[in-house]
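Structure at a glance
The residues making up each chain are set out below.
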Amino acid sequence: MARINLRKFLADHYKGGVSARDVIREALTNSIHAGATDIIVDLRFSDKQAEMFKDAAERVVLEEISIRDDGEGFTPANLNYFDEICTSHKDDIGGKGVGRLAFLKYARKVYIRSQLEGELVEFSYTPEFKLSDVKKTAVAGRRETEIILAEFYGQINTQVKNLVLSLCDDLRLLVFLKHQAGQSITLKFHHNSGQPFQEDFALVGAGIKTEKEETFEFMSETFNCYLFKDAPPAKGIIAMLCADEICIEDYVISKRFDSCRFQISVTSKYFNTRANSERKQLFLPKTDQDADLASPISRDTLMRKIHEVCMGMISEIGKVEVDAFRECNVTKLRKYYPFIDVSSLGGNAALLDADEIVKTYRAQQSKKEDQLVESLQAGKPVSWDDVSHLASEDLARFIVHRALVIDSLSKMPADAAENAIHNAILPKKSDGKNIRENNIWLVDDKFLSYSNVFSDETLSRIVSEVNDNVEKNQNRKPDVAAFFSEDNRRNPNKLVIVEFKKLSADVFDNNKALMQCRFYANDLVDRIETIREVFAFAIVEIDDPFYRDMKQTGFRDVFSLSNRVLYNDFLVGEGNDIPLHMYVMPATALILDAKARNRVFEEVLRFNVEKGMQELS
């Protein structure tokens, strides 16, 4: 028989990375196919770090892996198969004949000991292995085969819980089906890591039950689905795509479903013929455009179908849990993402997980934007409806942003409102150069049209000088945010002033706030000749004495949904020819009025969400 240079074969044809999960799964699969019913995996962790760090309770460096089983072992026939690459004796169960090569990619030392009925077989497996290296000793003993892997390539830091539970997920279907066929298997895991996971863990074939089994036909291919349920704290919904009854890929439907954990193993001959040699990947065409006669079903189309079938199975047996989780996600979508058109994101099943909907939506939007940009760059005609739609999505996101800002402010205690509103309008110590930092629309929506905030170097200098002048004259820095718009020559022509007073301020302090607004406006108007209009907002508490005083000095009531809001006009500047429109209101009125203005937009968005929900239900 012609020999193969294993080192070269490994380098050329086995290029993928190999993990502890890969090598243990390969060994366990071989044990099961060898008829084993009692299989033990021992994960031995290094004590070296415990010697270095006396207080270290956990060991994270995996030093050795041992797999023992009571299968048929390395009989002469099995030894011959082991010596041949790409064997065909396991074709009927999906064997590729190269799985054991993972041992050589993972560990420098691979030792195999197999006790047969009257003979002990021992050898080290290396890239230079040949049958003459096998040591055979005539000795009786209990049938047992052990594979020991040591001296791994690289330091292996392993989280035992994740490793063991992943292996159980990978092999659950195979162990279940073998039990149905009469081979009742127990997989036992032991470790000495000191990690917070039980030292002995078992997957027992006799204890595995399906909640539901279902078969569906799709494009002339048959798919079998097996639904398993794990009790809390396990959570999530995941479809395990299996080739030859072993999980090859995970398809996550929901990471956050927390009533329990549903795992659906999906098998098909279509998967069997499309798994790579290492059983780590399914080769499926990505889209329908990539499909052909040899691979007629695309990943995109198939995943949507699997999603639909899996959720249909789960909804039948867990309707209460699914409905409760769905309602929580609908509430989240209505509040934080009402601009998303859920009816376009994959059908009723997609409503389950708000996070997945948002992720899908963002990917969809990015793709649309990229396609538009590519078309424009290439000089191709574009649909202005598409451009308008993307712009409306941005506007919708801004409306939701406004709602969240308002909601956050409304929950602030009264004594914290001043700082909160000030930081929302323009963060303290901000130089005002970033227009995106401000939320001046909280005061009035007309200020949305303002083009910049101190963005010009000269304006920044002037504002700074005026602030210093006011501080010098009044022994205080003005608690003011100033915003500018520009005329057609890019000169600032409108000014907004916001002044705050604490809850404890009396009528005299509150009146001082009004005077400070006028003084500040005068200073800025005198220094910036292009200003043609000023808006001032004094955010103060309005008690009865202060309200009466303002009414006596010409202030007029302005409609508000809650507290008193008053208004008066003044003229400022050296020539007293620049109008100053002054509004006085408590913080609660500012927040509630802003909320009322935004609510109209919010209701339109939420109506769209509810309409989408109804269409999908």
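Predicted model only: the values in this text are computed from it and were never measured. (Residues numbered from 1 in each chain as written. Predicted model: local features only at pLDDT ≥ 70, side-chain atom pairs only at ≥ 80, totals over all residues. Heavy atoms only, no water.)

**Some words on the overall build of the chain**
- In terms of regular secondary structure, the chain is built from 16 helices and 20 strands.
- Out of the 617 residues belonging to the chain, those deemed buried represent 47%.
- Sequence separation of at least 24 residues holds for 66% of the intrachain contacts in the chain that already meet a minimum separation of 6.
- About 31,300 Å² of surface is accessible on the chain, with carbon and sulfur atoms providing 49% of the total. (Helix = DSSP H or I, 4+ residues; strand = E, 2+ residues; numbered from the N terminus. Buried < 20%, exposed > 50% of the residue type's maximum accessible area, 1.4 Å probe, protein only. Contact = heavy atoms within 4.5 Å. Areas by Shrake-Rupley, 256 points an atom, 1.4 Å probe, with all protein chains shown as cover.)

**A few points about the sheet that holds strand β14 (residues 261-267)**
- Taken in spatial order, the 5 strands line up as β10-β11-β14-β12-β13 in an open sheet, and their pairing is mixed. The strands lining the two open edges of the sheet, one partner per strand, are β10 (212-218) and β13 (246-254). Neighbour-to-neighbour, the strand axes of this sheet turn through a mean angle of 25°, independent of strand direction.
- Of the strand pairs in this sheet, β10 and strand β11 (residues 221-230) are connected by 7 bridges, and their pairing is antiparallel. Pairing of F218 across the sheet is with E221, part of β11.
- Sheet strands touched by helix α6 (residues 160-180): β10, β11, β12 (236-243), β13 and β14. Its angle to β11, the strand with the most contacts, is close to 105°. (Pairing = 2+ DSSP bridges. Axes fitted to C-alpha atoms, helices over the stretch in contact; angles between N-to-C directions.)

**Remarks on the pattern of salt bridges**
- Overall, the coordinates contain 22 salt bridges when judged by the stated rule.
- With its nearest N and O atoms 3.2 Å apart, the salt bridge here joins K212 to E316. Highlighted residues: K212 in strand β10 and E316 in helix α8 (residues 299-317), separated in sequence by 104 residues.
- By relative accessible area, E316 is classed as exposed at 56%.
- K551 is paired through a salt bridge with D557; the nearest N and O atoms lie 2.9 Å apart.
- Exposure remark for K551: the relative accessible area of 37% places this residue in the partly exposed category.
- Looking at D557, the relative accessible area reads 42%, which means it is partly exposed.
- When salt bridges with common partners are traced through the structure, they connect R68, R113, R142, E144 and E146 into a single cluster. (Salt bridge = Lys/Arg side-chain N within 4 Å of Asp/Glu carboxyl O.)

**Topic: the confidence of the model for the chain**
- On average, residues of the chain score 81 in pLDDT, and 77% of them are at 70 or above.
- Taken element by element, the chain is modelled with least confidence in helix α3 (residues 48-52), mean pLDDT 54, and with most confidence in strand β8 (residues 186-191), mean pLDDT 98.
- Within the model, pLDDT remains below 50 along residues 347-351, and this stretch shows 15 contacts once partners closer than five positions in the same chain are excluded.
- A low-confidence stretch, residues 452-458 (pLDDT under 50), is modelled with 17 contacts involving residues beyond four sequence positions or located in other chains. (pLDDT = per-residue confidence, 0-100.)

**Topic: unusual backbone geometry**
- Each neighbour pair has its own omega, and for P232 with P233 the value is 10°, a cis peptide bond.
- Here P233 lies in the loop between β11 and β12.
- In this model, M219 sits at a positive phi of 50°, which is unusual for a non-glycine residue.
- Among the structural elements, M219 can be located in the loop between β10 and β11.
- Judged by its relative accessible area of 45%, M219 falls in the partly exposed class.
- Positive phi is not limited to glycine here, since E245 has a value of about 75°.
- Here E245 shows up in the loop between β12 and β13.

**What about the pairing of strand β20 (residues 578-585)?**
- Across the 8 residues of β20, 7 count as buried, placing the element largely inside the fold.
- Where strand β17 (residues 533-539) meets β20, 6 bridges bridge the pair, whose relative direction is parallel. Bridging from a neighbouring strand, A538 pairs with V584 of β20.
- Looking at chain direction, strand β19 (residues 566-572) and β20 are connected through 7 bridges and run antiparallel. Directly across from F570, in β20, lies its bridge partner L580.
- Hairpin remark: β19 followed by β20, antiparallel, with 5 residues in the connecting loop; positive phi at G573, about 95°.

**Description of the state of the cysteines**
- Taken as a whole and assessed by the stated rule, the structure comprises 0 disulfides.
- C242 takes part in no disulfide bond, and the closest cysteine sulfur, belonging to C247, lies 5.2 Å away. (Disulfide = S-S within 2.5 Å.)

**Description of a negative patch on the surface**
- There is a patch of like negative charges on the surface, built from D506, D509, E541 and D543.
- Mapped onto the secondary structure, D509 falls in helix α14 (residues 507-527). (Patch = residues over 30% accessible without salt bridge, like charges linked within 9 Å, V, L, I, M, F, W, Y side chains within 5 Å. Lys, Arg positive; Asp, Glu negative; His and termini not counted. Charge placed at Lys NZ, Arg CZ, Asp CG, Glu CD.)

**Some remarks on helix α10 (residues 354-377)**
- For α10, with 24 residues, the first-to-last C-alpha span of 34 Å sits near the 34 Å given by 1.5 Å per residue.
- Here α10 has its buried residues at A354, I357, V358, Y361, Q365 and L372. (Expected span 1.5 Å × (residues − 1).)

**Some words on helix α9 (residues 319-336)**
- Helix length check: α9 (18 residues) gives 25 Å between terminal C-alpha atoms against 26 Å at 1.5 Å per residue, within 8%.
- Among the residues making up α9, those that are buried are V322, F325, R326, N329, V330 and L333. Each buried residue of α9 lies within a common arc of 145° when the element is viewed along its axis, so the set occupies one face. Facing away from the buried side of α9, by more than 90 degrees, are the exposed residues V320 and C328. (Arc of directions from axis to C-beta.)

**Quick notes on the nonpolar core**
- Counting residues in hydrophobic clusters, the biggest one holds 60 residues, and the most contacted among them are L43, I65 and F123.
- Of the residues forming this core, the biggest block, 11 residues, is contributed by α6.
- Every residue in contact with L43, bar those within four places of it in the chain, is listed here: I24, L62, E64, I65, V160, L163, V164, H190, H191 and N192.
- Formed by 33 residues, the second largest nonpolar core is a distinct cluster that contains F223, L282, M303 and F325. (Core = buried A, V, L, I, M, F, W, Y, C linked by side-chain atoms within 4.5 Å.)

**Some words on the environment of H191**
- Among the secondary structure elements, H191 is positioned in strand β8.
- Owing to a relative accessible area of 3%, H191 belongs among the buried residues under this scheme.
- Placed 10 residues apart in sequence, H191 and F201 show a C-alpha to C-alpha distance of 9.2 Å.
- Here H191 is in contact with D42, L43, F45, V160, F197, Q198 and E199, once residues within four sequence places are set aside.
- Polar side-chain contacts of H191 include one of 2.9 Å to the backbone oxygen of F197. (Polar contact = N/O pair within 3.5 Å; in protein donor to acceptor, adjacent residues only side chain to side chain.)

**Thoughts on the pairing of β14**
- Of all the 7 residues making up β14, 7 are buried; the element is thus mostly covered by neighbouring parts of the structure.
- Of the two faces of β14, the one carrying R261, Q263, S265 and T267 and the one carrying F262, I264 and V266 are both buried.
- Relative to β14, β11 runs antiparallel, the two being bridged by 7 bridges. Paired with D230 across the bridge in β14 is R261.

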